[in-house]
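Each chain, letter by letter, is given below.
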Amino acid sequence: MIEIDGPGPANGRNVVDETLYQLCIFSKQTKDEWWNYVIAFGKDEDCLSFKDPKKCRERLMKENSIDVKAIDKCVKDSFEGDDILIADNRILREERKHHLKRKVSFVPAIIINDVTYKGNIDSGEEIFSEVCSGFIDEPQVCSSYDTEHRVTMKPITYYSYAIVIALFLLIVFFFVVIVVYRKMMQRELNNQIETQLSTIVAVSYTHLT
């Protein structure tokens, strides 16, 4: 969860509460159920408005076969004190340790083999490629994707090569033009010097005679 800055509807408390509930769902339910809840939350305008977070959260949990009572208990038991406004929270404390250990400075973040992914988080293809590159022996799904991806990218690759070659030829052309121009200017200068010298010699000879 990311707090919406400025005039957005969410405040810090909303963000902490929802983050805690999602962490409990992740630990108590299946990963598919957690993922379905996260996707549903991100698409639900009522939930994103945070007008009634508790009501919206419970509705989404029921719609995605999540045990509401178990998740509520998980959240309640995570507080180390009766006053949740000032009590420390075990789950959030552990989550912060993980963030500090992996040097996570933003959320959402993706951790691959204990390394924080630094690429484009909105690109599924880049993330998938990064995950596949972490295998010593890539699974078949990675090889199939790479083959299909290379076929898709061939026209773009050839086009890129064509641009590079065209730029190279253009640079060579301008270099040749500059060299030829300098030689022509040098030749013209030499001709002018020879003409001036011939004129000076002729004038000198006339005065001597």
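Predicted, not measured: the structure shown is a model, and the values here were computed from it.

Asker: If you had to explain the layout of surface pockets to someone new, which residues and values would you point to?
Answerer: Computed from the structure, the second largest pocket encloses a volume of approximately 280 Å³. At the level of secondary structure, the elements contributing two or more residues to the lining of the second largest pocket comprise α1 (12–28), α4 (53–63) and α5 (68–77). Sorting elements by how many residues they give to the lining of the second largest pocket places α1 first, with six residues.

Asker: Describe in detail the pattern of salt bridges, supporting the description with residues and values.
Answerer: Oppositely charged side chains can form a pair if their charged atoms are brought close together. This model, assessed by the stated rule, comprises nine salt bridges. Across the pair Arg-13 and Asp-17 runs a salt bridge, and its minimum N-O distance is 3.1 Å. Linking Arg-13 with Asp-17, this pair stays in helix α1, spanning four residues, or about one helical turn. On the accessibility criterion, Arg-13 (41% relative accessible area) is partly exposed.

Asker: Summarise the packing of α1 against helix α6 (residues 90–101); cite the residues concerned and give the values.
Answerer: At a closest axis distance of 10 Å, the pairing of α1 and α6 adopts a crossing angle of 85°. Relative to α6, the element α1 lies roughly perpendicular. Seen from α1, the contacting residues are Val-16, Leu-20, Leu-23 and Cys-24; seen from α6, they are Ile-91, Leu-92 and Glu-95. Each residue belonging to the contact of α1 with α6 can be placed in one class, and the counts come to six nonpolar, no polar and one charged.

Asker: Any details on the side chain of Asn-64? Residues and values, ideally.
Answerer: Mapped onto the elements of the fold, Asn-64 is located in the loop between α4 and α5. Here the side chain of Asn-64 touches Leu-60 through a polar contact of 2.8 Å, landing on its backbone oxygen. With residues near it in sequence (within four places) discarded, Asn-64 still touches Glu-33, Asn-36, Tyr-37 and Ala-40.

Asker: For the nonpolar core, give the residues involved together with the corresponding values.
Answerer: Counting 22 residues, the largest nonpolar core has Tyr-37, Met-61 and Ile-71 as the members making the most contacts within it. Mapped onto this core, the elements with two or more residues apiece are α1, α2 (31–43), α4 and α5. The element that contributes the greatest number of residues to this core is α1, accounting for six residues. Those residues in contact with Met-61 that lie beyond four places of it in its chain are Ile-25, Tyr-37, Ile-66, Val-68 and Ile-71.

Asker: So what's going on with the packing of aromatic side chains? Residues and values would help.
Answerer: Under the counting rule described, the total for this entry stands at four aromatic pairs. Relative to Phe-50, the ring of Phe-41 has its centre 6.1 Å away and its plane inclined at 65°; by these criteria the two rings are edge-to-face. One aromatic cluster in this structure is built from Phe-26, Trp-34 and Trp-35. Lying over the aromatic face of Phe-26, Lys-31 brings its terminal NZ or CZ to 4.6 Å of the ring centre.

Asker: How would you explain empty space enclosed by the protein if you had to name every residue and give the values?
Answerer: If you walk through the whole model with that rule in mind, you get one cavity of 30 Å³ or more. Counted as a void, the largest cavity has a volume near 30 Å³. Around the largest cavity sit Glu-18, Phe-41, Cys-47, Phe-50, Pro-53, Cys-56 and Arg-57, which together line it. Looking at which element gives the most residues to the lining of the largest cavity, the answer is α4, with three residues. Here the residues of the lining of the largest cavity sort into five nonpolar, no polar and two charged.

Asker: Requested: an account of α5, with residues and values cited.
Answerer: Buried residues of α5: Val-68, Ile-71, Cys-74 and Val-75, and no others. For α5, the arc enclosing every buried residue in end-on projection is 125°, short of the 170-degree limit, so these residues lie on one face. Exposed residues pointing more than 90 degrees away from the buried face of α5 are listed as Lys-69, Lys-73 and Lys-76. Buried residues in α5 make contact with α1, α4 and α6. Two or three places before Lys-69, at the opening of α5, Asp-67 has a side-chain oxygen 3.2 Å from that residue's backbone nitrogen.

Asker: I'd like to hear about the state of the cysteines, residue by residue, with values.
Answerer: For the structure on display, the rule yields three disulfides. Between the sulfur atoms of Cys-24 and its disulfide partner Cys-74 the distance amounts to 2.1 Å. The sign of the -80° torsion about the S-S bond sets the Cys-24-Cys-74 disulfide as left-handed. Of the two residues, Cys-24 sits in helix α1 while Cys-74 sits in helix α5, which places them 50 residues apart along the sequence. An identical accessibility class is assigned to Cys-24 and Cys-74; each is buried. Note that Cys-132 is cross-linked by a disulfide to Cys-142, the S-S spacing being 2.0 Å. Since a negative S-S torsion denotes a left-handed disulfide, the Cys-132-Cys-142 link at about -80° is left-handed. Taken together, the residues span a long stretch of sequence, with Cys-132 in helix α7 (residues 124–133) and Cys-142 in helix α8 (residues 140–208) at a distance of ten residues. When sorted by exposure, Cys-132 lands in the same class as Cys-142, which is buried. By sequence-ordered numbering of the bonded cysteines, the chain has its disulfides arranged as 1-4, 2-3, 5-6.

Here is what the cut-offs are and how they apply
- Residues numbered from 1 in each chain as written.
- Predicted model: local features only at pLDDT ≥ 70, side-chain atom pairs only at ≥ 80, totals over all residues.
- Heavy atoms only, no water.
- 1 Å grid on protein atoms, 1.4 Å probe; cavity = no way out; pocket = protein on both sides within 12 Å on 5 of 7 lines; lining within 4 Å.
- Points joined across faces, edges and corners; volume = space filled by probe spheres on them.
- Helix = DSSP H or I, 4+ residues; strand = E, 2+ residues; numbered from the N terminus.
- Salt bridge = Lys/Arg side-chain N within 4 Å of Asp/Glu carboxyl O.
- Buried < 20%, exposed > 50% of the residue type's maximum accessible area, 1.4 Å probe, protein only.
- Axes fitted to C-alpha atoms, helices over the stretch in contact; angles between N-to-C directions.
- Parallel < 35°, antiparallel > 145°, perpendicular 65-115°, else oblique.
- Contact = heavy atoms within 4.5 Å.
- Nonpolar A, V, L, I, M, F, W, Y, C, P; charged D, E, K, R; others polar.
- Polar contact = N/O pair within 3.5 Å; in protein donor to acceptor, adjacent residues only side chain to side chain.
- Core = buried A, V, L, I, M, F, W, Y, C linked by side-chain atoms within 4.5 Å.
- Phe/Tyr/Trp six-rings, centres within 6.5 Å; stacked < 30°, edge-to-face > 60°.
- Lys NZ or Arg CZ within 6 Å of the ring centre and 35° of its normal.
- Arc of directions from axis to C-beta.
- Disulfide = S-S within 2.5 Å.

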